[in-house]
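Inside the fold
Listed below, chain by chain, are the residues.
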Amino acid sequence: MPNIMEFVCELVNTKTEGFKCFFLLYNMSMINEYDYLVVGAGLFGAIVAHELHKKGHRVLVVEKRSHLAGNIYTEEVLGIQVHKYGPHIFHTNKKEVWDYVNQFATFNDFINMPLAYYKGKYYNLPFNMHTFEQVFGVKSPSEAKARIEKEIKEANIIAPKNLEEKAISMVGTTIYEMLIKGYTQKQWGKACDELPPFIISRLPVRYTYDNNYFNDAYQGIPIGGYTAIIEKMLQGIDVRLNTDYINNRQALDKKAKHIIYTGEIDRFFEYEFGALEWRSLRFVEEVIDQPDYQGHAVINYTEYEIPYTRIVEHQYFEPGLKHEKTVITKEYSSAWRVGDEAYYPINDEKNSALYARYVKLALERENISFGGRLGTYAYYNMDVIVEKALQLVTSLLTE
Ligand code: FAD
Ligand code: UDP
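For the structure given in this document, a descriptive report is provided here. Only a predicted model underlies this, so the values are computations on that prediction, with no experimental measurement involved. (Residues numbered from 1 in each chain as written. Chains lettered and ligands numbered in written order. Predicted model: local features only at pLDDT ≥ 70, side-chain atom pairs only at ≥ 80, totals over all residues. Heavy atoms only, no water.)

As for the packing of aromatic side chains
- Summed over the entire model, instances satisfying the criterion amount to 27 aromatic pairs.
- When the centroid spacing of 5.1 Å and the interplanar angle of 40° are considered together, the rings of Tyr117 and Tyr301 count as tilted. With Tyr117 in strand S6 (residues 115-118) and Tyr301 in strand S12 (residues 298-301), this pair connects stretches of sequence that are 184 residues apart.
- Taking the centre distance of 5.7 Å and the plane angle of 70° together, the rings of Tyr261 and Phe370 count as edge-to-face. Separated by 109 residues along the polypeptide, Tyr261 in strand S10 (residues 256-261) and Phe370 in strand S16 (residues 368-370) bring together distant segments of the chain. Judged on exposure class, the residue Tyr261 and its partner Phe370 are both buried.
- An aromatic cluster of at least three residues, connected via ring pairs, comprises Tyr245, Tyr261, Phe268, Phe269, Phe273, Tyr358 and Phe370.
- Lys145 extends its terminal NZ or CZ atom over the ring of Tyr207, reaching a point 5.2 Å from the ring centre.
- Stacked on the ring of Tyr332, the Lys or Arg Arg282 has its end atom at 4.3 Å from the ring centre. (Phe/Tyr/Trp six-rings, centres within 6.5 Å; stacked < 30°, edge-to-face > 60°. Helix = DSSP H or I, 4+ residues; strand = E, 2+ residues; numbered from the N terminus. Buried < 20%, exposed > 50% of the residue type's maximum accessible area, 1.4 Å probe, protein only. Lys NZ or Arg CZ within 6 Å of the ring centre and 35° of its normal.)

Quick look at the packing of helix H6 (residues 141-155) against helix H7 (residues 163-188)
- H7 packs onto H6 with a crossing angle of 105° between their chain directions and a minimal axis gap of 7 Å. As summarised for this structure, H6 and H7 are arranged roughly perpendicular, according to the angle between their axes. Touching Arg147, Ile148, Glu151, Ile152 and Ala155 of H6 are Ile168, Ser169, Met170, Val171, Gly172, Thr173 and Thr174, all from H7.
- Taken together, the residues that form the contact of H6 with H7 break down as 6 nonpolar, 4 polar and 2 charged. (Axes fitted to C-alpha atoms, helices over the stretch in contact; angles between N-to-C directions. Parallel < 35°, antiparallel > 145°, perpendicular 65-115°, else oblique. Contact = heavy atoms within 4.5 Å. Nonpolar A, V, L, I, M, F, W, Y, C, P; charged D, E, K, R; others polar.)

Some points on the site of ligand 1
- Taken together, 36 residues surround ligand 1, and among them Glu63, His88, Ile89, Tyr380 and Met382 come closest.
- Between ligand 1 and Phe44 there is a distance of 3.0 Å, counted from an oxygen atom to a backbone nitrogen or oxygen.
- The side chain of Asn381 places a nitrogen or oxygen atom 3.2 Å from a nitrogen atom of ligand 1.
- Considering ligand 1 on its own, with 1,000 Å² of exposed area, one finds that the protein chains cover 97% of that surface.
- Those elements that place two or more of their residues in the shell around ligand 1 are helix H3 (43-54), helix H13 (372-375) and helix H14 (382-397). (Near = heavy atom within 4 Å. Polar contact = N/O pair within 3.5 Å; in protein donor to acceptor, adjacent residues only side chain to side chain. Areas by Shrake-Rupley, 256 points an atom, 1.4 Å probe, with all protein chains shown as cover.)

Things to note about the pairing of strand S11 (residues 278-288)
- Pairing geometry for S11 and strand S15 (residues 344-345), over 2 bridges, is antiparallel. By the bridge assignment for S15, Trp278 is matched with Pro345.
- Pairing of S11 with strand S14 (residues 326-334), which is carried by 9 bridges, proceeds in the antiparallel orientation. Bridged to Phe283 within S14 is Glu331. (Pairing = 2+ DSSP bridges.)

Focus on the site of ligand 2
- As a matter of local geometry, ligand 2 sits amid 15 residues, with Tyr183, Thr184, Gln187, Arg202 and Tyr213 nearest to it.
- Between ligand 2 and the protein, one listed contact pairs an oxygen atom with a side-chain N or O atom of Gln187 at 2.8 Å.
- Arg202 is positioned such that a nitrogen or oxygen atom in its side chain is 2.7 Å from an oxygen atom of ligand 2.
- With the chains in place, 94% of the 490 Å² that ligand 2 exposes on its own is no longer accessible.
- Those elements that place two or more of their residues in the shell around ligand 2 are H7 and helix H8 (198-201).
- Per-element accounting of the shell around ligand 2 gives the leading share, 6 residues, to H7.

Some points on the sheet that holds S10
- Read across the sheet, 5 strands follow the order S9-S2-S1-S10-S16 without closing on themselves; strand pairing throughout is parallel. Strands with a single pairing partner mark the edges of an open sheet, and in this sheet they are strand S9 (238-240) and S16. The average angle at which neighbouring strand axes cross in this sheet is 20°, direction not considered.
- Two elements, strand S2 (residues 59-62) and S9, share 3 bridges in a ladder whose sense is parallel. Bridge pairing in S9 links Leu60 to Asp238.

What about H3?
- An ideal rise of 1.5 Å per residue puts 16 Å on 12 residues; H3 measures up with 16 Å between its terminal C-alpha atoms.
- Across the 12 residues that make up H3, a large majority, 10, are buried.
- For H3, the complete set of buried residues consists of Leu43, Phe44, Gly45, Ala46, Ile47, Val48, Ala49, His50, Glu51 and Leu52.
- Looking one or two places after H3, you find Gly56, whose phi comes out positive at around 95°. (Expected span 1.5 Å × (residues − 1).)

Right, dumping it as structure tokens:
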């Protein structure tokens, strides 16, 4: 008995237009095993894959790393959820975003209150009455304001042109020297007067006794870690780990009608105009043979002379559990070269112009959407990633 292809070929041979059309359609559906190929199993890719799959679309996810979850990957070590790519605290002001992520996990009530260590003493962050009391010995908001405003006035900065001027115009020179200057220089590998002011603008300055690092209405950490969220999102979806799209492009392009690409946009275009610049990080993890190390989740080291920027003690992201040993990570900021892990985009004028050229190329491509922090060359918190991924799904489904 002839198979379906032989049968169709025979019919096509009759050269009637209707059969040619049928043959074409049949072939197309054979070529595209999937409706969508999602490149990257980070938060952005996982949400897009989940929502498209939920609507009945056939989705394949490829991920070049050996694990799911991208940079929000958490791994259990000695019963502790370790944040492998830096501490991740979910926070948002949008109830719909909070409700969305709460479908996939129960979040605890963790509030981020990092401490800063400078020359043998601890200071509260973000800059608030506790910090002002510790630095200046002042007790009331009016005293603190008077002290800081005097320093700002003496610095005589009219319109801050760089991070140093912006920081001084926010908190004065003393706090800038103690808690900002060294940390920022380590973090970015550049002096503060060579950096744009916007980097520091996201830190709150409060004349109240409030150590909450964020101003958002909703905040927490998923109990059981972030990886479990991504696993839940990708349930029932075909996923291939250890698969780099760029190295398997020819075969993968044939698999789906549309690609959602969450890797680096310049790498997608083979660095045609040159590489976009990033700052990288190095994480050094240690198991400490005692139940506690620093008594706190995150401590920033603001002196330039101490080589790491912060120490994270992971057990405090899920407080209340008893552990015999504790796991810490020392985080070092480092220069980035093509091929290194990309963490913080250098969104200066040069790189923004370069990115705009890649966007132009991307707009010329049909059937591909770029998303996520790497695909759009932006530092986005997780809440923004959730919103942007859902927006992309809506636009794909209404095309
Ligand atoms: P990613 O998580 O990077 O996922 C992209 C995935 O694509 C990766 O797994 C990558 O391996 C894969 N990929 C890339 N190229 C290819 C390819 N060619 N083929 C196959 N796979 C590919 N946000 C917060 O809200 N709160 C925080 O406390 C917070 N802390 C942070 C701390 C640090 C140190 C950093 C750097 C970021 C932090 N963020 C935080 C931001 C958060 O990490 C991001 O919002 C989130 O990870 C972005 O998800 P994504 O899917 O866009 O990117
Ligand atoms: N910052 C600082 N001291 C600190 C914490 C932050 O000077 O103890 C500055 C630094 O320039 C940093 C910016 O504030 O890049 C934004 O801090 P955030 O915590 O948002 O991000 P980070 O870059 O530390 O991950």
